[in-house]
Amino acid sequence: VAATAETQMLADREVLPNTGKPAVSQTFVGREAELEQVADFLDGDRPLLEVLAPAGTGKSMLLCEVAQRAEQAGWRVLSAGADPRLNRSPWYPVRELVQQVLGLDSPRPSLAALRQHAIQAGLVSDDIPGLADLFGLERTTDHLRPSIRMRETQAASLRVLLGPELAAEGLC
């Protein structure tokens, strides 16, 4: 979803005096075109929606509005962000989403808790080593090449996020 000319104009106009920084507004206006694109996405079968726009144009507000509308429509909405400690942790958002889906209480669960929640979610024991790697737990995959370990972590994470039904269809 790209920013429309109207959205860009609103963002350019709303600047705090003497700072040059965009004003923060809690009002959701001027996003009809973007909301229509998102509605089309939600009604379609595309697996990914990318939201691109310059800083300060309202991407976060748009996504909050979309999340609220999706929840009202019965969708389960998950949210993740960058590592708050500002570490370069590319897997942090994935870990956060997997933690939410599995209902784990801790960002660093025990291996037993991870196994229990994964099995309850319909995953199989073969997914546990990849998930353990994701959470930095006991590594049972050290004997595997790094590329294979990475593939196992990716596949297990996708099975959690897509659900066992979609995973069974061979999507991951």
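Residues numbered from 1 in each chain as written. Predicted model: local features only at pLDDT ≥ 70, side-chain atom pairs only at ≥ 80, totals over all residues. Heavy atoms only, no water.

A. Focus on the nonpolar core. Judged by nonpolar contacts, the single largest core of 15 residues is most densely connected at Val98, Leu102, Leu114, Leu123, Leu131, Phe135 and Val160. Elements supplying a minimum of two residues to this core: helix H4 (92-102), helix H5 (111-120), helix H6 (128-134) and helix H7 (146-162). When residues in this core are grouped by element, the largest group, 4 residues, is from H6. (Core = buried A, V, L, I, M, F, W, Y, C linked by side-chain atoms within 4.5 Å. Buried < 20%, exposed > 50% of the residue type's maximum accessible area, 1.4 Å probe, protein only. Helix = DSSP H or I, 4+ residues; strand = E, 2+ residues; numbered from the N terminus.)

B. Representation of H5. Those residues of H5 not exposed but buried are Leu114, His117 and Ala118. Along the axis of H5, the buried residues cluster in a sector spanning 100°; they form a single face. Of the exposed residues in H5, those oriented more than 90 degrees away from the buried face are Ala112 and Gln120. Looking at the buried residues of H5, the elements they touch are H4 and H6. Of the residues flanking the end of H5, it is glycine 122, one or two places downstream, whose phi is positive at about 95°. (Arc of directions from axis to C-beta. Contact = heavy atoms within 4.5 Å.)

C. Summary view of the pattern of salt bridges. If you walk through the whole model with that rule in mind, you get 4 salt bridges. Among the salt bridges present, the one from arginine 159 reaches aspartate 127, with a minimum N-O distance of 2.6 Å. Of this pair, arginine 159 sits in helix H7 while aspartate 127 sits in the loop between H5 and H6, placing them 32 residues apart in sequence. Taken as a pair, arginine 159 and aspartate 127 share a single burial class, namely buried. (Salt bridge = Lys/Arg side-chain N within 4 Å of Asp/Glu carboxyl O.)

D. Inspection of the packing of helix H2 (residues 32-43) against helix H3 (residues 59-72) at higher detail. Contact geometry of H2 with H3 gives a least axis separation of 11 Å together with a crossing angle of 45°. With respect to their mutual orientation, H2 and H3 come out oblique. Handedness of the crossing formed by H2 with H3: right-handed. When H2 is examined against H3, the residues Glu34, Leu35 and Val38 are found in contact with a partner set consisting of Leu62, Glu65, Val66 and Arg69. (Axes fitted to C-alpha atoms, helices over the stretch in contact; angles between N-to-C directions. Parallel < 35°, antiparallel > 145°, perpendicular 65-115°, else oblique. Left-handed = near helix turned anticlockwise from the far one by under 90°.)

E. The packing of H4 against H7, seen in detail. At their nearest, the axes of H4 and H7 sit 9 Å apart, and the two run at 45° to each other. The orientation of H4 with respect to H7, classified from their angle, is oblique. In the crossing of H4 with H7, the sense of the turn from one axis to the other is left-handed. Residues Val94, Leu97, Val98, Val101 and Leu102 of H4 form the contact with H7, whose participating residues are Ser157, Val160 and Leu161.

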